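Working through the structure, step by step
Here are the chains, one letter per residue:
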Amino acid sequence: MERIALVVFSGGQDSTTCLYWAKQNFDKVIALTFVYGQKHALEVQQAQKIAEQANVEFYLMDVSFIGTLGRNSLTDQSIEMDKEKPEGGLPNTFVPGRNLFFLSIAAVFARERGIRHLVTGTSQTDFSGYPDCRDAFIKSLNVTLNLAMDEEFCIHTPLMWLDKCETWALADKLGVLSLVREQTLTCYNGVVGDGCGECPACNLRREGLKKYLATKK
């Protein structure tokens with residue numbers, strides 16, 4: 001039987017690495033990208049471009065209601081982005097329920113197509129304090145989805161225990177280091193590739209790359 005994986009795909013560093021990980025580990029890969037009210041339409045454009053280059057089916061779904069449920073700096077232009085995690089709280093780049101909704105919707109989408117394998121780029125090692133990136137959440141949701149639909153879904157998290165240096169190393173191992181570096185959009189300010197160099201996502205990405213390249217010398 002053909003093994004098919006559905007990748008929750010943003011076109012960023014992590015999900016692109018996961019896309020190519022899935023291509024190596026499954027017979028067929030499908031990419032599902034969400035419009036959730038994010039500020040930068042370029043994110044979606046890059047996701048489609050990368051999916052086409054990877055020769056995988058690409059689907060786009062509008063779930064803009066997610067961005068209206070809570071206030072955060074990724075969907076609300078009026079909120080200045082936190083440069084660092086505030087003391088004793090979540091950064092305002094946290095979009096409440098985002099991974100909960102993404103994976104739940106992806107599971108329904110997958111079920112209707114006979115797909116049981118879901119892939120997401122969440123990581124507990126380098127997460128920015130987001131509770132929906134933790135391994136415990138993913139495992140709990142996996143059980144809930146199986147119970148809710150009487151299915152046997154398996155949520156794969158290839159990056160869960162990798163830091164950004166190790167994520168770059170995986171991209172290199174998969175033969176897509178240059179693609180991930182030059183074409184993905186991780187930057188919260190919407191700059192492709194190495195990004196703006198100032199936002200938390202860019203800082204994390206840059207430091208990981210610097211550490212990895214140092215190991216190759």
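These remarks concern the structure in this document. Along each chain, residues carry numbers from 1 onward, in the same order as the chain's sequence is written. Where local features are concerned, this predicted model is filtered to residues with pLDDT of at least 70; where side-chain atom pairs are given and counted, the filter is 80 or more; whole-chain, interface and lining totals use all residues. As a rule here, side-chain values come from all non-hydrogen atoms in the structure, and water together with hydrogens is ignored.

**A short note on the state of the cysteines**
For the record, the criterion: The disulfide criterion is simple: two cysteine sulfur atoms within 2.5 Å. Relative accessible area decides the class of each residue, using a 1.4 Å probe on protein chains only: under 20% of the type maximum gives buried, over 50% gives exposed, and in between gives partly exposed.
This model, assessed by the stated rule, comprises 0 disulfides. Free of any disulfide, Cys18 has its nearest cysteine sulfur in Cys133, 11 Å distant. Of the cysteine sulfurs around Cys187, a residue in no disulfide, the closest is that of Cys196, at 3.6 Å. A relative accessible area of 4% means that Cys187 is categorised as buried.

**Describing the packing of helix α1 (residues 13-25) against helix α2 (residues 42-53)**
Cut-off, in case you're wondering: What counts as an axis is a line fitted to C-alpha atoms, over the stretch in contact for a helix, and the angles between N-to-C directions run from 0 to 180 degrees. Helix and strand definitions follow DSSP, with helices as H or I runs of at least four residues and strands as E runs of at least two, each counted in order from the N terminus. When an angle is under 35 degrees it counts as roughly parallel; over 145 it counts as roughly antiparallel; between 65 and 115 it counts as roughly perpendicular; any other value is oblique. Crossing handedness is read from the near helix: turned anticlockwise from the far helix by less than a right angle, it gives a left-handed crossing, and turned clockwise, a right-handed one. Two residues form a contact once any of their heavy atoms are found within 4.5 Å. Charged means Asp, Glu, Lys or Arg here, nonpolar means Ala, Val, Leu, Ile, Met, Phe, Trp, Tyr, Cys or Pro, and polar covers whatever is left, Gly included.
Packing of α1 against α2 leaves a shortest axis separation of 11 Å and a crossing angle of 20 degrees. Classed by the angle they form, the pair α1 and α2 counts as roughly parallel. Between α1 and α2 the crossing geometry is right-handed. In this structure, α1 uses Thr16, Leu19 and Tyr20 to contact α2, whose residues at the interface are Ile50, Ala51 and Gln53. The residue inventory of the contact of α1 with α2, partitioned by class, reads 4 nonpolar, 2 polar and no charged.

**Focus: the environment of Leu141**
Mapped onto the elements of the fold, Leu141 is located in helix α5 (residues 135-149). Non-local contacts of Leu141, meaning those with residues more than four positions away in its chain, are made with Asn99, Leu100, Leu103 and Ser104.

**What to know about the environment of Gly190**
As for its position among the elements, Gly190 is in the loop between α7 (177-183) and α8 (200-215). For Gly190 and Gln38, which are 152 residues apart along the polypeptide, the C-alpha to C-alpha distance reads 9.9 Å. Apart from residues lying up to four places away in sequence, Gly190 is in contact with His40, Leu42 and Leu185.

**Focus on the packing of aromatic side chains**
Note on aromatic pairs: each is described by the distance of the centres and the angle between the planes. Worth spelling out the cut-off: A pair of aromatic rings is counted whenever rings of Phe, Tyr or Trp (Trp by its six-membered ring) have centres within 6.5 Å, and the orientation is called stacked for planes under 30 degrees apart, edge-to-face for over 60 and tilted otherwise. Consider the ring centre and the ring normal. A charge sits over the ring if Lys NZ or Arg CZ is within 6 Å of that centre and within 35 degrees of that normal.
Scanning all chains against the criterion turns up 6 aromatic pairs. A centroid spacing of 6.2 Å and a plane angle of 65 degrees characterise the contact between Trp21 and Phe26, whose relative ring orientation is edge-to-face. Like Trp21, the residue Phe26 is buried in the burial classification. With a centroid separation of 5.2 Å and 85 degrees between ring planes, the pair formed by Phe65 and Phe101 is classed as edge-to-face. Placement of the pair is Phe65 in helix α3 (residues 65-69) and Phe101 in helix α4 (residues 98-111), with a sequence separation of 36 residues. Exposure remark for Phe65: the relative accessible area of 38% places this residue in the partly exposed category. Taking NZ or CZ as reference, Arg113 lies 5.5 Å from the ring centre of Tyr59, over its face.

**Here's the deal with the pattern of salt bridges**
Basically, it comes down to this: Salt bridges are defined by distance alone: a side-chain nitrogen of Lys or Arg within 4 Å of a carboxyl oxygen of Asp or Glu.
Taken as a whole and assessed by the stated rule, the structure comprises 10 salt bridges. Residue Lys139 is joined to Asp135 by a salt bridge in which the shortest nitrogen-to-oxygen separation is 2.7 Å. Of this pair, Lys139 and Asp135 both sit in helix α5, 4 residues apart, roughly one helical turn. On the basis of relative accessible area, Lys139 is assigned to the exposed category, the value being 52%. For Asp135, a relative accessible area of 13% gives the class buried.

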